[in-house]
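An overview of the molecular structure
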Amino acid sequence: MARNDVDLLDLSLDELLTTTRTVRKRLDLTRPVPRALITECLEIAVQAPNGSNQQRWNWHVVDEPDLRAEVAEVYRSGMSGHQADPNRATRDIDYSTEEQQRIASSVAYLRDHLHKVPALLIPTVGGRMDEADIFLQASVWGSILPAVWNFMLALRARGLGSAWTTIHLHKEAEMAELLGIDAAKHTQVGLFPIAYTVGTEFGAGARQDLADLIRWNGAG
Ligand SMILES: Cc1cc2nc3c(=O)[nH]c(=O)nc-3n(C[C@H](O)[C@H](O)[C@H](O)COP(=O)(O)O)c2cc1C
């Protein structure tokens, strides 16, 4: 595996796993990210498990400013489509809480600055799940999501950050056309900004108490 002369942060594995946050306002929009570094993180990504080791993934990286701006425009248009959709998965969220207001402000910042992020990653996985049964859905998503998370962990270990985003998928066809993706055969996973982070200190995220969520030996 290629190795750049990159300093890894001094993080334990557990710290890495518990402090790899969604980064939006702390993406460094001024510092270029070398392609070799992105490639190195992708080499780590593809070590993830995937069904029968078929590796039906592609990694579309956009670092050319004009194309990046067009990609960001599709993202923004996807967000407008999301807000207009009465069946959106987020429709029941209570946006009056402090946490949701903080997330909304951060989401809006990323929307408004996405075109300035040094590189944007759109992973794809082979196959379509539009009509798929649950087994196929789980198998296909399960064959790409661990790799993407590996990528985000590899970024974090090197002082970079990203954010898992899916909002542009409301405009999946538009993004496919822009990037030359054959949308009949490949499914886009999301869009992942890539940048150095402003500072490298991140904490644990707010999560529910696990005691309320674990079910030992059945749901009863
Ligand atoms: C499936 C999925 C979709 C998401 N979509 C978006 C998105 O479109 N835009 C965005 O800014 N954040 C998006 N997020 C980021 C979440 O808001 C974030 O993970 C959550 O607030 C928890 O923050 P943390 O990752 O720092 O713990 C998404 C996260 C996931 C896992």
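Residues numbered from 1 in each chain as written. Predicted model: local features only at pLDDT ≥ 70, side-chain atom pairs only at ≥ 80, totals over all residues. Heavy atoms only, no water.

**A closer look at the site of the ligand**
Inspection of the region around the ligand gives Arg21, Thr22, Arg24, Tyr75, Ile103, Val107, Leu110, Trp164, Thr165, Thr166, Ile167 and Arg207 as its neighbouring residues. At 2.8 Å, a backbone N or O of tryptophan 164 approaches a nitrogen atom of the ligand. Given that more than half its atoms are within 2 Å of the pocket grid, the ligand belongs to the largest pocket. At three residues, the largest contribution of residues to the shell around the ligand is made by helix 4 (residues 98–113). The residue makeup of the shell around the ligand, split by class, is six nonpolar, three polar and three charged. (Near = heavy atom within 4 Å. Polar contact = N/O pair within 3.5 Å; in protein donor to acceptor, adjacent residues only side chain to side chain. 1 Å grid on protein atoms, 1.4 Å probe; cavity = no way out; pocket = protein on both sides within 12 Å on 5 of 7 lines; lining within 4 Å. Sits in = over half its atoms within 2 Å of the grid points. Helix = DSSP H or I, 4+ residues; strand = E, 2+ residues; numbered from the N terminus. Nonpolar A, V, L, I, M, F, W, Y, C, P; charged D, E, K, R; others polar.)

**Re helix 4**
The end-to-end C-alpha separation of helix 4 is 23 Å, in line with the 22 Å expected for 16 residues at 1.5 Å each. Residues of helix 4 that are buried include every one of Gln100, Ser106, Leu110 and His113, and no others. Seen along its axis, helix 4 keeps its buried residues to an arc of 165 degrees; they face one direction. Buried-residue contacts for helix 4 involve helix 3 (65–84) and strand 5 (192–196). (Expected span 1.5 Å × (residues − 1). Buried < 20%, exposed > 50% of the residue type's maximum accessible area, 1.4 Å probe, protein only. Arc of directions from axis to C-beta. Contact = heavy atoms within 4.5 Å.)

**A word on unusual backbone geometry**
Phi is positive for serine 52, close to 50 degrees, though the residue is something other than glycine. Overall, serine 52 belongs to the exposed group, its relative accessible area being 67%.

**Thoughts on the nonpolar core**
Residues Trp59, Phe151 and Ile194 are the most contacted members of the largest nonpolar core, which totals 28 residues. For this core, the secondary-structure elements that each account for two or more residues are helix 2 (35–45), strand 1 (57–62), strand 2 (119–126), helix 6 (145–157) and strand 5. If we skip the residues at most four places from it in the chain, isoleucine 194 touches Val33, Ile38, Val117, Pro118, Ala119, Leu121, Phe151, Leu155, Leu160 and Gly161. (Core = buried A, V, L, I, M, F, W, Y, C linked by side-chain atoms within 4.5 Å.)

**Section: the pairing of strand 5**
Summarising burial for strand 5: five of the five residues are buried, a large majority. The pairing of strand 2 with strand 5 spans three bridges and is antiparallel. Among the inter-strand pairings, leucine 121 is bridged to a residue of strand 5, identified as phenylalanine 192. Judged from the two bridges that link them, strand 3 (residues 160–161) and strand 5 form a sheet pairing that is antiparallel. Considered in strand 5, the bridge of leucine 160 is made with tyrosine 196. (Pairing = 2+ DSSP bridges.)

**Topic: helix 2**
Inspection of helix 2 places Leu37, Ile38, Glu40, Cys41, Leu42, Ile44 and Ala45 among the buried residues, and these make up the whole buried set. In this structure, the buried side of helix 2 is in contact with strand 1, strand 2, helix 6, strand 3 and strand 5.

**Examining the side chain of threonine 20**
Counting through the fold element by element, threonine 20 comes out in the loop between helix 1 (13–18) and helix 2. Sequence-distant contacts of threonine 20, defined by excluding residues within four places in its chain, comprise Trp149, Met152, Leu153 and Arg156.

**Some points on empty space enclosed by the protein**
In total, this model carries one cavity of 30 Å³ or more according to the counting rule given. Looking at the largest cavity, its volume works out to about 60 Å³. Along the walls of the largest cavity sit Thr19, Thr20, Arg21, Val23, Met152, Arg156, Leu160, Gly161, Ser162 and Phe202, which together make up its complete lining. Grouping the constituent residues of the lining of the largest cavity by class yields four nonpolar, four polar and two charged. (Points joined across faces, edges and corners; volume = space filled by probe spheres on them.)

Geometric descriptors of this kind do not, in isolation, establish any biological role.
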